[in-house]
Structures are given as structure tokens and as C-alpha cells.
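# Structure at a glance
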Amino acid sequence: MPNSSSSVVRSLPNSRMDADGSAVVRVLSYNIRSMRDDTDALARVIGACSPDLVLVQEAPRFFRWRKKLARLAAASGQVVLSGGGTASGPALLCSLRATVERTEDVLLPLTPGLHRRGFATAVVRFGGVRVGVVSCHLSLREDERYEQGGMLLERLAGLGTPHVVAGGDLNERPDGRTFKRLGAALQDCWTTRPWGGELTSTAVDPRQRIDAIFATEGVEVLGCGVPLGLPGVAEADLARATDHLPVLAALRVPVG
């Protein structure tokens, strides 16, 4: 599985509360292709990453989708927070470490002939730290994708939290104008502090980075990238779980 990497052997901080009240949280963004592949491998990858928040794209949306998503959450040590069919694919999972303030599933305007898109959103707390979270999966069409990037920024600003984290499948490389638009307003966590691998698509032959995690400037990025070499994350599981590689970030979120 060729992939450009940076400091794969450097450890990624574990979740914790620091003495100053700030919270170190692990955030995972993952396109799971509607759980059409090896769901046991998928659950093992998620569980081995020990995330506090999982930003899912292409969650099951149709027959018994709630049961499928709940089964994945349970198998990977998470609970379902929001999204799925009600957000047209994006979903949020979280560990029991998170206290949920509110959630909202948002459907974006439908362009005739194209797939309906949406956002899964939430506000959660870790101790005294409040953070807004959004999972997104942007359009394949460039003009619609750019508009959705603007809607994402508006949604993040409207969450009413001092710090926000967003992630997802952007369907665009970093040199695209939507990716650049998001990177101008938020930290692209891989660029801020690369860790692990860079390329996310496809899982068996990664050649491009189209999946990313973003955070507001007040959030300290401790490391972000594809969790290659992370203990418990097997390359065979990454190849079997879905057609994307996940992005894992460790973030220090301050109080206020």
C-alpha cells in the first residue's frame, strides 16, 4: 500500500484532559462506502484508532440503516451521535467520553440529477471544553462542491462554539478551489502537522488526498494523517474495510 508518509513512527497523543482544562481529543474521518465491504475489518480499524469522534461519510442510508450504523458503532466502541439516512450519508459517532449538547442533520439543496448531500452536525463537551463538529461529503460536480464548501463554513460559524472541527470526503484535491476555500478559513490539519500517511484514495492504491480534517485556529493540531503503522491498524484491514483510507487527528482543544 504505497503512501507518502511523515513520521509514521512518532506516537500520536492519546485522549486526555490537561491540567489547564484543555482536552486532547482524537478525531477520525472515514468514508465507509455504505458498509458494503468487510465490516469486521472496518470496526477493527475504527476501534484501533481509539477516537473520541468519528466523522463518517457514506453511512448506510436505506434499508435498516439505523441498525447497521448502530452495529458498527457498538463493534468499534462508539455510540451513534447523529446522521446517516437523515443527513443523506454523513454521520457522527462518539465515545462515551463525549457529552452531547445537541445534534442536527442538515439536507443541502438538491440539484436535479445529482445525489442529495447533507451535513451531520453536533455540539459536544469534553469536561469544560465545548466543540462543534460537522461531517460532510461534498459533490462530485465542481460548481456545486464550491457552493457546498461555503455552506459548510456558514454552518460551522452558526454552531455557536468557540472551536469547531470539520472533516469528510471533499471529492477534491488540495489544489482545488473548494479545498483552498476551506483551508483559507480553517486549519487543514494534515498541512499544519503531518503524521502518518497523506494519500487517502483509493485504499488499495492511494494516489490522491481527497479526505481531510479541518479545525479553527484556536485548536492545536498535535498530528494528523492516515494511521499507517498505528498499533492495531493492520494494512490488510485498511484494504478490506472500504475504498478510502481514514484520516486520524489528535487535537488539543482549549477551554473557551
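To start, this report covers the structure provided alongside it. The model shown is predicted, which means the values in this text are computed figures rather than measured ones.

## Some thoughts on the overall build of the chain
Of regular secondary structure, the chain possesses six helices and 15 strands. Compactness check: the chain gives a C-alpha radius of gyration of 16 Å against a globular reference of 18 Å for 256 residues, within 12% of the reference. Along the first, second and third principal axes, the C-alpha set of the chain runs to 50 × 40 × 40 Å. Buried positions account for 55% of the 256 residues belonging to the chain. When contacts within the chain are restricted to residue pairs at least 6 apart in sequence, those whose partners lie at least 24 apart make up 73%.

## As for the nonpolar core
Side chains that are nonpolar tend, in soluble globular proteins, to be buried together. Counting residues in each nonpolar core, the largest one holds 33 residues, and the members touching the most others are Tyr30 and Leu42. Of all the elements in the fold, those that place two or more residues in this core are strand 3 (23-31), helix 1 (39-49), strand 4 (53-57), helix 2 (65-75), strand 6 (91-94), helix 6 (235-241) and strand 15 (247-253). Apart from residues no more than four positions distant in its own chain, Leu42 is found in contact with Tyr30, Ile32, Met35, Leu72 and Ala241. Residues Ala87, Val219, Ala249 and Val253 belong to the second largest nonpolar core, which totals 29 residues.

## Here we look at the sheet that holds strand 9 (residues 129-137)
One open sheet accounts for six strands, arranged 7-8-9-10-13-11; its pairing is mixed. The open sheet has two free edges, formed respectively by strand 7 (99-107) and strand 11 (187-188), since each of these has just one partner strand. Of the strands in this sheet, strand 7, strand 8 (118-126), strand 9 and strand 10 (164-169) touch helix 3 (residues 142-157), which is tilted by about 25° from strand 8.

## What to know about the packing of aromatic side chains
The final tally for this structure, using the stated rule, is one aromatic pair. The residue whose ring lies beneath Arg177 is Tyr146, and the NZ or CZ to ring-centre distance is 3.9 Å. The cationic tip of Arg181 hangs over the ring face of Tyr146; the distance from NZ or CZ to the ring centre is 4.3 Å.

## Section: the side chain of Thr200
Structurally, the position occupied by Thr200 is in the loop between strand 12 (196-197) and strand 13 (211-215). In this structure the side chain of Thr200 is engaged in a polar contact, spanning 2.5 Å, whose partner is the side chain of Asp211. Residue contacts for Thr200: discarding those within four places in its chain leaves Pro206, Gln208, Arg209, Ile210, Asp211, Val226, His244, Leu245 and Val247.

Here is what the cut-offs are and how they apply
Residues numbered from 1 in each chain as written. Predicted model: local features only at pLDDT ≥ 70, side-chain atom pairs only at ≥ 80, totals over all residues. Heavy atoms only, no water. Helix = DSSP H or I, 4+ residues; strand = E, 2+ residues; numbered from the N terminus. Rg over C-alpha atoms; globule rule 2.2 N^0.38 Å. Buried < 20%, exposed > 50% of the residue type's maximum accessible area, 1.4 Å probe, protein only. Contact = heavy atoms within 4.5 Å. Core = buried A, V, L, I, M, F, W, Y, C linked by side-chain atoms within 4.5 Å. Pairing = 2+ DSSP bridges. Axes fitted to C-alpha atoms, helices over the stretch in contact; angles between N-to-C directions. Phe/Tyr/Trp six-rings, centres within 6.5 Å; stacked < 30°, edge-to-face > 60°. Lys NZ or Arg CZ within 6 Å of the ring centre and 35° of its normal. Polar contact = N/O pair within 3.5 Å; in protein donor to acceptor, adjacent residues only side chain to side chain.

In short, shape yes, function no, at least from these values alone.
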